[in-house]
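Here is what each chain is made of, one letter per residue.
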Amino acid sequence: MDPVVIPLLVAAIVVVFLVASTVRIVPQARRYNIERFGRYRRTLQPGLNLVLPVADRINTKLDVREQVYSSDPRPVITEDNLVVNIDTVLYYQITDPRAAAYEVADYLQAIDQLTVTTLRNVIGSMDLEETLTSREEINSRLRAVLDDATGKWGIRVNRVEIKAIDPPATIKEAMEKQMRAERDKRAAILHAEGERQAKILTAEGTKQKDILEAQGAQQAMILRADGEAKAVELVFQAVHRNNADPKVLAYKYLETLPHLASSDNNTFWVIPGELTEAVRTVTRAFGDESTTVAPTPGQSGEAATADDHTAPDELRTPQLEAGSMVSLDAAAAADEAGKQAAAAVSDAKAEVEAAKSAQMPRRARTSDG
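Remember, it's a predicted structure, so these values are computed and weren't measured experimentally.

Draft legend 1. Spatial organisation of the overall build of the protein. Assigned secondary structure in the protein consists of 10 helices and 9 strands. Split into buried and exposed, the 369 residues of the protein put 23% on the buried side. Considering only contacts in the protein between residues 6 or more positions apart, those separated by 24 or more positions represent 64%. Here the protein displays about 25600 Å² of accessible surface, and carbon together with sulfur accounts for 57% of that area.

Written out as structure tokens, the structure is:
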């Protein structure tokens, strides 16, 4: 080999090495801290960068994207002296690569220890019940403390979340019993409320039913009374329109008497006092004057006439003129009407007696039984 070629090859290799040492390519979302002769020089940004070979070197390579750090469960004592294990999740981002590399030796360990210390300070002033129900407050206080402490480290804490709070096993059992009792209590209350609502609705339905039935009965009675009133009015108008004489009215009165005892529930029957008046009315209707007395021979026709004028109309007795004859037809009609009335009364009494005799054996059987 030519002695000249070997030095050229060595020189070429050295040039390539120097060029390769001069060029630095930084990926996106990465930052490189450059030291020149052991002293911080600058931070390389993403893209193509040129450095002095041999003099400049890369000290740290940092990722400026948002990072997630999950800590292990740490024991924390509450205000009521209960030990709970709490683990947190931390979301942070490097904003100053130089400070993150030179202001703290290990920023992850520093953040973890600061989180535990802050948790113990915050939860130490709360009891277990408040700790379990105040996660938002604990997160806000943690974030405020961590953001203030890590600002000089070139790190911004975006969010802190408590992942789990684990009380002791005995406390868990007590809490489960308490929750079970609360659920049973709510179930009993809901069941009682349901029964109360059901009874209220049932009572309201019964009330509405009774009201509607009473209103229906009232309307029925009103309509029945209106119908009876209209029927009586029509009968009254028909009687007055046809100008019925006392004969027809008295006969209808006597015809109604037997129906008073037609019911099976009647145990006694009262003969109305107007019966004699009805017989007298029938007698008058048929022109019965048989009860009148003829004037004495010593009494003149003028005296009789004067007496007739002085007596009241209601008490006046019909007088017979001299030579007049008693109407046999009127007397026979009056006798027939009296017989019919007596027969009607007898039939009514007989029906009542028959009803009583029919009920007696039945009562006897009941008493024997």
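Draft legend 2. Quick look at the pairing of strand β8 (residues 83-94). Relative to β8, strand β6 (residues 67-70) runs antiparallel, the two sharing 4 bridges. Counted as the bridge partner of Y69 is L90 from β8. In this structure, strand β7 (residues 74-77) lies alongside β8, joined through 4 bridges in antiparallel fashion. Across the sheet, residue I77 finds its bridge partner in β8, namely V83. Between the antiparallel neighbours β7 and β8 lie 5 residues, among them N81 with a positive phi of about 65°. Inspection of the sheet shows β8 paired to strand β9 (residues 155-166) by 10 bridges, in the antiparallel sense.

Draft legend 3. Highlighting the environment of L52. Of note, L52 is situated in the loop between β4 (47-50) and β5 (56-63). For the pair L52 and V19, spaced 33 residues apart in the sequence, the C-alpha separation amounts to 9.6 Å.

Draft legend 4. Quick look at the packing of aromatic side chains. Taken as a whole and assessed by the stated rule, the structure comprises 2 aromatic pairs. Judged by centre distance (5.6 Å) and plane angle (70°), the rings of Y40 and Y102 are edge-to-face. Pair noted here: Y40 is in strand β3 (residues 39-44) and Y102 is in helix α2 (residues 97-102), with a separation of 62 residues, a long-range link. Ring geometry for Y92 versus Y107: centroids 6.1 Å apart, planes at 65°, classification edge-to-face.

Draft legend 5. Main features of the confidence of the model for the protein. Taken residue by residue, the protein gives an average pLDDT of 75. The fraction at 70 or more is 66%. Averaged pLDDT values for the elements of the protein fall to 40 in helix α9 (residues 301-310) and rise to 91 in strand β2 (residues 30-36). Every residue in residues 288-331 is under pLDDT 50, and counting partners more than four places away or in other chains gives 21 contacts.

Draft legend 6. Layout of the sheet that holds β5. Read across the open sheet, the 3 strands follow the order β3-β2-β5; overall the sheet is antiparallel. Of all the strands in the sheet, the pair left with one neighbour each is β3 and β5. Averaged over all pairs of adjacent strands, the angle between strand axes in this sheet comes to 25°, irrespective of strand direction. Here β2 pairs with β3 via 5 bridges, running antiparallel.

Draft legend 7. Main features of the nonpolar core. I86, L90, L119, I138 and I155 are the most contacted members of the largest nonpolar core, which totals 30 residues. Of all elements in the fold, only β8, α3 (107-123), α5 (135-150) and β9 reach the threshold of two or more residues within this core. Here the element with the most residues in this core is α3; it accounts for 7 residues. For I138, the residues in contact, after removing those within four places along its chain, are L119, V122, I123, M126, T131 and I162.

Draft legend 8. Structural context of a nonpolar patch on the surface. Taken together, V15, V19, V23, I25, L48 and L50 make up a surface patch of nonpolar side chains, about 580 Å² in accessible area. Along the chain, V15 turns up in helix α1 (residues 5-22).

Draft legend 9. Structural context of α3. Between the first and last C-alpha of α3 there are 24 Å, a value that for 17 residues agrees with the 24 Å anticipated at 1.5 Å per step. Taken together, the buried positions of α3 are Y107, A110, I111, D112, L114, T115, V116, T118, L119, V122 and I123.

Draft legend 10. Region of the structure containing α5. For α5, spanning 16 residues, the distance from its first C-alpha to its last is 22 Å, which sits close to the expected 22 Å at 1.5 Å a residue. By the burial criterion, the buried members of α5 are I138, N139, L142, L146, A149 and T150. Looking down the long axis of α5, one finds its buried residues gathered within 105° of arc, a one-sided arrangement. Turned more than 90 degrees away from the buried face of α5 sit E136 and D148, all of them exposed.

Rules behind the numbers
- Residues numbered from 1 in each chain as written.
- Predicted model: local features only at pLDDT ≥ 70, side-chain atom pairs only at ≥ 80, totals over all residues.
- Heavy atoms only, no water.
- Helix = DSSP H or I, 4+ residues; strand = E, 2+ residues; numbered from the N terminus.
- Buried < 20%, exposed > 50% of the residue type's maximum accessible area, 1.4 Å probe, protein only.
- Contact = heavy atoms within 4.5 Å.
- Areas by Shrake-Rupley, 256 points an atom, 1.4 Å probe, with all protein chains shown as cover.
- Pairing = 2+ DSSP bridges.
- Phe/Tyr/Trp six-rings, centres within 6.5 Å; stacked < 30°, edge-to-face > 60°.
- pLDDT = per-residue confidence, 0-100.
- Axes fitted to C-alpha atoms, helices over the stretch in contact; angles between N-to-C directions.
- Core = buried A, V, L, I, M, F, W, Y, C linked by side-chain atoms within 4.5 Å.
- Patch = residues over 30% accessible without salt bridge, like charges linked within 9 Å, V, L, I, M, F, W, Y side chains within 5 Å.
- Salt bridge = Lys/Arg side-chain N within 4 Å of Asp/Glu carboxyl O.
- Expected span 1.5 Å × (residues − 1).
- Arc of directions from axis to C-beta.

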